[in-house]
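Observations on the three-dimensional arrangement
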Amino acid sequence: QTQGKVAFDAVSIIRMQAVHAETGGLQLGEGERVSGNTYTFAAPFAKLQTNFSRPLGAHHCTFNTNRWVFSAGDQVTYVHQLTGRRQMSGTVEVVVDPYISGKLIVAADNGSSNWQNVATVTAAGTQTLALPAALFPADHISIRMMAEPVDGSPDGASMQVRGYGYRAEIDG
């Protein structure tokens, strides 16, 4: 163990880019699988990378150990895309636990910038949600989870997402 002062010289920050495995011509990351014409993703919350995955598009939310911790205004977006394959239908699974207050709005987009609300979650539990048929077929599907206070609630929003999964039927 080092005690006392430690000094560094010529410190720099270098931008890193993850490299994902290629399987059958498809780039897949941790938690992603293709079996026949079915694509699945289970966010690797309990794995080494925990808060990183290839489909994670953006987040403005705290990640703590193995879960997203949402407060009012926080959001997480996953982008599901397989180059050269189109998605024909899809479902998303969200595991909220614990739920304290507010609502978690789950919305989907196919690149049209016209987000469609899929569900509003206001309780703990597992929600399996079918995505609207109007989104398909699609080259990619984005799923956004966003926390908001319930109308008129002084408590804001407080909940945790302990599980996230996506499943799509794909062509070819």
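As the structure is a prediction and not an experimental result, all values here were calculated from the model. (Residues numbered from 1 in each chain as written. Predicted model: local features only at pLDDT ≥ 70, side-chain atom pairs only at ≥ 80, totals over all residues. Heavy atoms only, no water.)

One pass over the full model with this rule turns up six aromatic pairs. Where Y39 meets Y166, the ring centres are 6.2 Å apart and the plane angle is 55 degrees; that geometry is what we call tilted. Note that Y39 is positioned in strand β4 (residues 38-42) and Y166 in strand β14 (residues 158-170), a separation of 127 residues in sequence. We note that Y39, like Y166, is buried. Aromatic pair F41 and Y78: ring centres 5.8 Å apart, planes at 50 degrees, arrangement tilted. With F41 in strand β4 and Y78 in strand β8 (residues 75-81), this residue pair connects regions lying 37 residues apart in the sequence. Exposure remark for F41: the relative accessible area of 3% places this residue in the buried category. Residue class for Y78 comes out buried when judged on its relative accessible area of 1%. Here the guanidinium or amino end of R144 rests over the ring plane of W115, the centre of that ring lying 4.3 Å away. (Phe/Tyr/Trp six-rings, centres within 6.5 Å; stacked < 30°, edge-to-face > 60°. Helix = DSSP H or I, 4+ residues; strand = E, 2+ residues; numbered from the N terminus. Buried < 20%, exposed > 50% of the residue type's maximum accessible area, 1.4 Å probe, protein only. Lys NZ or Arg CZ within 6 Å of the ring centre and 35° of its normal.)

Spatial strand order, β5-β8-β13-β10-β11: five strands in an open sheet with antiparallel pairing. Both outer strands of the open sheet, β5 (56-60) and β11 (116-121), are each paired with one neighbouring strand and no more. The average undirected angle you get between the axes of adjacent strands in this sheet is 15 degrees. Relative to β8, β5 is paired through four bridges, and the arrangement is antiparallel. Looking at the pairing, A58 lines up with T77 of β8. (Pairing = 2+ DSSP bridges. Axes fitted to C-alpha atoms, helices over the stretch in contact; angles between N-to-C directions.)

Inspection of the secondary structure puts I141 in strand β13 (residues 140-148). Overall, I141 belongs to the buried group, its relative accessible area being 0%. Discounting residues that sit within four places of it in the chain, I141 has contacts with Y78, V79, H80, Q87, D109, N110, L131, L135, F136 and Y166. (Contact = heavy atoms within 4.5 Å.)

Summary statistics for the protein chain give a mean pLDDT of 91 and a share of 97% for residues scoring 70 or more. At the level of individual helices and strands, the protein chain shows its lowest average pLDDT in strand β1 (residues 21-23), which scores 73, and its highest in strand β12 (residues 125-130), which scores 98. (pLDDT = per-residue confidence, 0-100.)

Following D97, the chain continues to P98 via a peptide bond in cis, the omega torsion being 0 degrees. If you trace the backbone, P98 turns up in strand β9 (residues 87-101). Of the consecutive residues F136 and P137, the connecting peptide bond is found in the cis state with omega at -5 degrees. Looking at the element boundaries, P137 is found in the loop between β12 and β13. Even without being glycine, A10 reaches a positive phi, approximately 60 degrees. Here A10 is to be found in the segment before β1.

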